[in-house]
Amino acid sequence: MNVYSSKKRPIWIVQIGEPVPHDASHQNERLFRAGMLAKHLVDTGSEVVWWASTVDHARKVKRFDSFQEVEIQPRLKVAFLDGCFYRRNLSLNRIRNQR
């Protein structure tokens, strides 16, 4: 799967820290801003790539061990960038994770 698979360039949404539709525990949760925007864009015919972290910091779990692309539905892919855990909100690991 390639994020540039269509003739039309996809719209990119870059957001970490929000629930991602891929997470089983988030299936019944309300979408946050990035999720609502992605849904609206897909519903209006756009292709969307949502960039997120492999680390779910709210639940302190790693979704994948390295970069992964997951097709959530037609025209919506989530590209998980390799992230790292950090213990404190003010730390070099947090800065490294969010760059």
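Residues numbered from 1 in each chain as written. Predicted model: local features only at pLDDT ≥ 70, side-chain atom pairs only at ≥ 80, totals over all residues. Heavy atoms only, no water.

Caption draft 1: Spotlight on helix H1 (residues 33–43). Among the residues making up H1, those that are buried are Ala34, Gly35, Ala38, Leu41 and Val42. For H1, the angular spread of the buried residues around the axis is 130 degrees, confining them to a single face. In H1, the exposed positions angled more than 90 degrees off the buried face are occupied by Arg33 and Asp43. Next to the buried residues of H1 lie strand S1 (11–14), strand S2 (48–53), strand S5 (68–73) and strand S6 (76–81). Trailing H1 by a residue or two, Gly45 shows a phi angle of about 100 degrees, which is positive. (Buried < 20%, exposed > 50% of the residue type's maximum accessible area, 1.4 Å probe, protein only. Helix = DSSP H or I, 4+ residues; strand = E, 2+ residues; numbered from the N terminus. Arc of directions from axis to C-beta. Contact = heavy atoms within 4.5 Å.)

Caption draft 2: Focus on the sheet that holds S5. Judged by pairing direction, the sheet is mixed, and its four strands sit side by side in the order S1-S2-S6-S5 without closing on themselves. Each having just a single partner strand, S1 and S5 make up the two edges of the open sheet. Strand-to-strand twist across the sheet, computed as the mean angle between neighbouring axes with direction ignored, equals 25 degrees. By the bridge criterion, four bridges tie S1 to S2 in an arrangement that is parallel. Bridging across to S2, Val14 finds its partner in Trp51. (Pairing = 2+ DSSP bridges. Axes fitted to C-alpha atoms, helices over the stretch in contact; angles between N-to-C directions.)

Caption draft 3: How the structure looks around the confidence of the model for the chain. Taken residue by residue, the chain gives an average pLDDT of 81. The fraction at 70 or more is 73%. Across the chain, the secondary-structure element scoring lowest on mean pLDDT is helix H2 (residues 92–97), at 59, and the one scoring highest is S1, at 96. (pLDDT = per-residue confidence, 0-100.)

Caption draft 4: Representation of the pattern of salt bridges. Tallied over the entire structure, the rule returns three salt bridges. A salt bridge links Lys39 to Asp43; the shortest N-O distance between them is 2.9 Å. One end of the pair is Lys39 and the other is Asp43, both in helix H1 and four residues apart, which spans about a single turn. Lys62 is the partner of Asp82 in a salt bridge, and the nearest nitrogen-oxygen pair spans 3.2 Å. On the criterion of sequence distance, the pair formed by Asp82 in the loop between S6 and H2 and Lys62 in strand S4 (residues 61–62) is long-range, its members being 20 residues apart. Judged by relative accessible area, Lys62 falls into the partly exposed class, the value being 34%. (Salt bridge = Lys/Arg side-chain N within 4 Å of Asp/Glu carboxyl O.)

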